[in-house]
Amino acid sequence: MKKYLLHPSALGVLRLVASAQGLAGVYFPEHKHLQFDPAWQLDPNDGVLRRTAQQLDAYFAGELQNFDLPLDCTQGTAFQQEVWQALRTIPYGSVCSYAALARQIGRPKAIRALGAANGRNPLSIVIPCHRVIAANGDLQGYAGGLENKRRLLALENYL
């Protein structure tokens, strides 16, 4: 049974979701791929959710660059999990193009599939899918909204 917490942030109220394995989701208010289950239980006292909220607050305050949380990345396909793992290698304040990330995982022709997997990342911010941009420098899409992507990159002093 998953638990969730609604946490106010600099980018609106985030829905934090945890499973028995760890943090399973960080979703923006208008997130494109949120699949909320009404059976999930609201639990503001869950340890993983509380730690996530604290670390997100520190991140938005400019006091945290790397999250230290148990993660549940089991809900994606093997390819999605490979992409999400590669996203974790993009340093704070840096960006990577979709093409470069595709080359990094050894699938240089899978740029579109990589973009789709990036957009399905359930752990926004914590697994930094906002750090992936087009080869020409355009920000392109973001499941949490392009304005939120801009704000996250500005927070990290990239923009």
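With an unreviewed UniProt entry as reference, the protein chain is termed Methylated-DNA--protein-cysteine methyltransferase, source organism Undibacterium flavidum. Quoted verbatim from the Function (unreviewed entry) field of the UniProt record, the comment on the protein chain reads "Involved in the cellular defense against the biological effects of O6-methylguanine (O6-MeG) and O4-methylthymine (O4-MeT) in DNA. Repairs the methylated nucleobase in DNA by stoichiometrically transferring the methyl group to a cysteine residue in the enzyme. This is a suicide reaction: the enzyme is irreversibly inactivated." The UniProt entry for the protein chain carries the following comment under Subcellular location (unreviewed entry): "Cytoplasm".

**What to know about the side chain of Ser19**
Structurally, Ser19 is set in the loop between strand S2 (12–18) and strand S3 (23–27). According to the relative accessible area criterion, Ser19 is buried, its value standing at 14%. A polar contact of 3.1 Å, which involves the side chain of Ser19, links it to the backbone nitrogen of Gln21. Only 2.5 Å separates the side chain of Ser19 from the side chain of Asp72, close enough to count as a polar contact. With residues near it in sequence (within four places) discarded, Ser19 still touches Lys2, Ala24 and Asp72.

Conventions adopted
Every chain begins its residue count from 1, and numbering advances along the sequence as written. Selection of residues for local features in this predicted model requires a pLDDT of at least 70, selection of side-chain atom pairs for listing and counting requires 80 or more, and totals for whole chains, interfaces and linings are taken over all residues. Side-chain numbers here rest on the full set of heavy atoms in the structure, without hydrogens or water. UniProt positions are given in the numbering used here, feature names are shortened, and annotations may be inferred rather than shown by experiment. Secondary structure elements follow DSSP: runs of H or I of four or more residues count as helices, runs of E of two or more count as strands, with numbering from the N terminus. Relative accessibility thresholds used throughout: buried, under 20% of the residue-type maximum; exposed, over 50%; partly exposed, between the two (1.4 Å probe, protein chains only). Polar contacts, as counted here, are pairs of nitrogen or oxygen atoms within 3.5 Å of one another; within protein the pair requires one atom able to donate a hydrogen and one able to accept it, and residues that are adjacent in sequence qualify only if both atoms are side-chain atoms. Note on contacts: a residue pair is in contact if any heavy atoms of the two residues lie within 4.5 Å.

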